Amino acid sequence: MREFLREVLEPSRYNVATAVVVVGLLVFAYVLVPQPLVQYSVWLVIFTIWMAWFVYVGVDYVYGAES
């Protein structure tokens, strides 16, 4: 399991892009426009991004899309 997590969380272009987008959204919501509605909306978008990443990793693990 540790090997799988190490492989999944290694800095690939998808992982780095996801992290950059999420950090950018958080900076936007908490520094540039600190309003509760914006923050809630950003967290919904972050959850959607996380779920897409999670499904991508699962499909890659099951079907070996990158292998």
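Structure's up top.
Computed from a predicted model, the values in this text were never measured in an experiment.

> What exactly am I supposed to notice about the overall build of the protein here?
A tally of helices and strands in the protein yields 3 helices and 0 strands. For 67 residues, the compact-globule formula gives about 11 Å, and the C-alpha radius of gyration of the protein, at 14 Å, lies well above that figure. Its C-alpha atoms put the protein at 45 × 20 × 20 Å along the principal axes. Each of the 67 residues in the protein was classed as buried or not, and the buried ones make up 15%.

> Looking at this structure, I do not really get the side chain of N15. What am I missing?
In this fold, N15 is placed in helix α2 (residues 13–32). Looking at N15, its side chain comes within polar contact range of the main-chain oxygen of V8, at 2.8 Å. Beyond its immediate chain neighbours, meaning those up to four positions away, N15 contacts V8, L9, E10 and W53.

Basis of the calculations
- Residues numbered from 1 in each chain as written.
- Predicted model: local features only at pLDDT ≥ 70, side-chain atom pairs only at ≥ 80, totals over all residues.
- Heavy atoms only, no water.
- Helix = DSSP H or I, 4+ residues; strand = E, 2+ residues; numbered from the N terminus.
- Rg over C-alpha atoms; globule rule 2.2 N^0.38 Å.
- Buried < 20%, exposed > 50% of the residue type's maximum accessible area, 1.4 Å probe, protein only.
- Polar contact = N/O pair within 3.5 Å; in protein donor to acceptor, adjacent residues only side chain to side chain.
- Contact = heavy atoms within 4.5 Å.

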